[in-house]
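Remarks on the overall topology
Chain by chain, the residues:
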Amino acid sequence: MALIGYARVSTAEQDTALQTDALRKAGCERIFEDTVSGVKADRHGLAAALAYLRDGDVLAVWRLDRLGRSLPHLIETISALETRGVGFHSLTESIDTTTSGGRLIFSVRWVSSSVT
């Protein structure tokens, strides 16, 4: 199992250092980065991270909003990871889908918020 990180900032004036430091401290052995608005579908760093991940790996982000463009996109991305046997860990929200509790928290928190 490898812990792989993904960091994103929206503009060139911003810096990923806070995110990458947290991801390194969490144990990420490789970190992919993007400097692009979260609403953009074309994120090369994310695409590279998703292509790099293998069954049993875990994708880690500093915060959920670094990964998903929207709630449906976030759910779709994490569901696709799960289908591939890849876990997901959000450091700030303490969501870890490699545990039954983490899967439950993700399901309850995000599915229920999409209903309201």
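Just so we're clear, the structure is a prediction, and the values are computed from it rather than from any experiment.

1. Topic: the overall build of the protein chain
Within the protein chain, the secondary structure is distributed over four helices and five strands. Helices (α) and strands (β) of the protein chain occur, in sequence order from the N terminus, as β-α-β-α-β-α-β-β-α. Evaluated residue by residue, the protein chain yields a buried proportion of 39% over its 116 residues. The long-range fraction of contacts in the protein chain, counting pairs at least 24 apart against all pairs at least 6 apart in sequence, stands at 63%. By element, 53% of the accessible surface of the protein chain is carried by carbon and sulfur atoms, the whole surface being about 6,300 Å².

2. Observations regarding helix α3 (residues 71–83)
When the terminal C-alpha atoms of α3 are compared, their 18 Å separation across 13 residues agrees well with the 18 Å that a helix rising 1.5 Å per residue should span. Inspection of α3 places His73, Leu74, Thr77, Ile78 and Leu81 among the buried residues, and these make up the whole buried set. On an axial view of α3, the arc spanned by its buried residues comes to 125°, and they lie on one face. What points out from α3, more than 90 degrees from its buried face, is the exposed set Pro72, Glu76, Glu82 and Thr83.

3. Some thoughts on the nonpolar core
Of all hydrophobic cores here, the largest spans 17 residues; its most connected members are Tyr6, Leu53, Leu59, Leu67, Leu81 and Phe88. When residues of this core are traced back to their parent elements, those giving at least two are β1 (3–9), α2 (44–52), β3 (58–61) and α3. Broken down by element, the residue count for this core peaks at three residues, all from α3. In this structure, Tyr6 is in contact with Leu23, Phe32, Asp34, Arg43, Gly45, Leu46, Leu59, Ala60, Val61, Trp62, Arg66 and Leu67, ignoring residues within four places of it in sequence.

4. Points about the confidence of the model for the protein chain
Looking at the protein chain, pLDDT values average 86 and 84% of them are 70 or higher. By mean pLDDT, the top-scoring element of the protein chain is β3 (98), and the lowest-scoring one is helix α4 (residues 100–115) (60).

5. A word on the side chain of Thr97
By the secondary structure assignment, Thr97 is in the loop between β5 (95–96) and α4. Polar side-chain contacts of Thr97 include one of 2.8 Å to the backbone nitrogen of Phe88.

6. Notes on the pattern of salt bridges
Inspection of the entire model under this criterion finds two salt bridges. The partner of Asp65 in a salt bridge is Arg63, with the nearest N and O atoms 2.4 Å apart. Arg66 is the salt-bridge partner of Asp65, the closest N and O atoms lying 3.1 Å from each other. On the accessibility criterion, Asp65 (31% relative accessible area) is partly exposed. Residue classification places Arg66 among the buried positions, given a relative accessible area of 13%. One connected set of salt bridges, linked through shared partners, spans Arg63, Asp65 and Arg66.

Rules and cut-offs
- Residues numbered from 1 in each chain as written.
- Predicted model: local features only at pLDDT ≥ 70, side-chain atom pairs only at ≥ 80, totals over all residues.
- Heavy atoms only, no water.
- Helix = DSSP H or I, 4+ residues; strand = E, 2+ residues; numbered from the N terminus.
- Buried < 20%, exposed > 50% of the residue type's maximum accessible area, 1.4 Å probe, protein only.
- Contact = heavy atoms within 4.5 Å.
- Areas by Shrake-Rupley, 256 points an atom, 1.4 Å probe, with all protein chains shown as cover.
- Expected span 1.5 Å × (residues − 1).
- Arc of directions from axis to C-beta.
- Core = buried A, V, L, I, M, F, W, Y, C linked by side-chain atoms within 4.5 Å.
- pLDDT = per-residue confidence, 0-100.
- Polar contact = N/O pair within 3.5 Å; in protein donor to acceptor, adjacent residues only side chain to side chain.
- Salt bridge = Lys/Arg side-chain N within 4 Å of Asp/Glu carboxyl O.

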